[in-house]
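Spelled out from the first residue to the last, the chains are:
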Amino acid sequence: MLVRQRPRLLQDYSENSPSFLNETVLLLVFKSVNWNPFLLCRCACVCKRLAELAKQLLWKEFCLSRAPKMVNDLLSVARNESLDGGWDSLGKLMFFCAGCHSTRHFQSKRISGHFVWKARFSRTSGRSFLVPQCRMDTLYVTDPCEHSDDEDDDVGLFRGVIKAFSISRTRKMLEDMGAQVEKNEVCSFCRAEVWSLTQAQMIPSSAQRRLACCEDSLEYFICRNGHLHGMCSLVPLSDSEGLSEDEGS
Ligand SMILES: [Zn+2]
Ligand SMILES: [Zn+2]
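Every chain begins its residue count from 1, and numbering advances along the sequence as written. To label them, take the chains in the order written and letter them from A, then take the ligands in the order written and number them from 1. Given that the model is predicted, a residue must reach a pLDDT of at least 70 before its local features are reported, and side-chain atom pairs must reach 80 or more before they are shown or counted; all residues, however, enter totals for whole chains, interfaces and linings. Side-chain figures throughout are based on the complete set of non-hydrogen atoms in the structure, without hydrogens or water.

Colleague: Explain the environment of L58 to me, and be specific about the residues and the numbers.
Modeller: Helix and strand labels come from DSSP, where a helix needs a run of H or I of at least four residues and a strand needs a run of E of at least two; each type is numbered from the N terminus. Here L58 shows up in helix α4 (residues 48–66). For each residue, the accessible area found with a 1.4 Å probe, counting protein chains only, is set against the maximum for its type, and the residue is called buried under 20%, exposed over 50%, and partly exposed in between. The class for L58 is buried, based on a relative accessible area of 0%. Linking L58 and L27, residues 31 residues apart in sequence, is a C-alpha distance of 7.1 Å. Working rule for contacts: check all heavy atoms of both residues, and any pair within 4.5 Å makes them a contact. In this structure L58 touches L27, F30, W35, L40, C43 and L53, once residues within four positions along its chain are discounted.

Here you go:
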């Protein structure tokens, strides 16, 4: 008697034929599309096994391909080549401007998050965002992504990551002063709890100068995994101020 077999689904292959989803094959496929983040997201939605492979392997390669110097520096202190918060969170931080809303220390209309094709993370800029006692820490931060509204109020949004946050001076200082995590905010990249560095009074005046933002309009959060997400009201530039220095990364 002829037994009809149902077509095998990708999920069947993933569970029963691990060789089909051999890591080398996946790496070659995604390398050929330059670790396209849209395809990575789709791949991770296919099944649990692919989601896990994407988390452990593909997002790591994506991050290395986009910011090799920064990622190798983060990896230099990582245990077992894994990052706090995971590679998928760092990948999201690289290509996603998280938008903003009003917070305890910053008033703004709601701005939706959006995809960013290219981002530059600067360690030199990052120093400006740390209080002098914490400048031994390494913070990589982006230039502000500028959002204008109808009333010509320009909002600057920036994001970044602190190397080895769990053992950083910034984390120790937050703990020593008994800073509380924010009740109504979570990290836009890994959903972990966040501290407001504005609330903790850990925002140096150099950050305001670096961003060219209005006084008392600067707020940034840092999560338990070291991801930073910040917002400010930008001072409108006059023609003579249109060019800013570039310190490189
Ligand atoms: Zn943006
Ligand atoms: Zn986070």
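Read on, since the account is not over.
Colleague: Explain the coordination of the zinc ion (ligand 2) to me, using residue names and the numbers behind them.
Modeller: Coordination of the zinc ion (ligand 2) by the protein comes from C187 (SG), C190 (SG), C223 (SG) and H227 (ND1), over a distance range of 2.2 to 2.3 Å. Here a donor is any nitrogen, oxygen or sulfur atom (N, O, S) within 2.8 Å of the metal, with 3.2 Å used for Na, K and Ca; water is not among the atoms considered, so some sites may look incomplete. A four-donor site is classed as tetrahedral when every donor-metal-donor angle falls between 85 and 135 degrees; four donors are called square planar, and six octahedral, when trans pairs exceed 155 degrees and all remaining angles lie between 65 and 115, with any other arrangement labelled irregular. Each of the 4 donor atoms around the zinc ion (ligand 2) contributes to a set of angles spanning 104 to 113 degrees, which defines the coordination as tetrahedral. Taken in chain order, the donor set of the zinc ion (ligand 2) reads C-x2-C-x32-C-x3-H. Taken as a pair, C187 in the loop between α8 (169–176) and β7 (194–196) and H227 in strand β9 (residues 227–234) lie far apart in primary sequence, 40 residues in all. Neither C187 nor H227 differs from the other in exposure class; each is buried.

Colleague: If you had to explain the packing of aromatic side chains to someone new, which residues and values would you point to?
Modeller: To pair, rings of Phe, Tyr and Trp, with the six-membered ring standing in for Trp, must have centres within 6.5 Å; the planes then decide the type, stacked if under 30 degrees apart, edge-to-face if over 60, and tilted in the middle. Within the structure shown, the criterion is met by 11 aromatic pairs. Taken together, a centroid distance of 6.1 Å and an interplanar angle of 55 degrees make the contact between F165 and W195 tilted. One end of the pair, F165, is in the loop between β6 (154–162) and α8; the other, W195, is in strand β7, and 30 residues separate them in sequence. Among the residues examined, W195 registers a relative accessible area of 5% and is labelled buried. Three or more aromatic residues link up through ring pairs in this structure, and these residues are F38, W59, F62, F95, F115 and W117. The cationic tip of K92 hangs over the ring face of F96; the distance from NZ or CZ to the ring centre is 5.1 Å. Charge-over-ring contacts are defined here by two conditions on Lys NZ or Arg CZ: a distance within 6 Å of the ring centre and an angle within 35 degrees of the ring normal.

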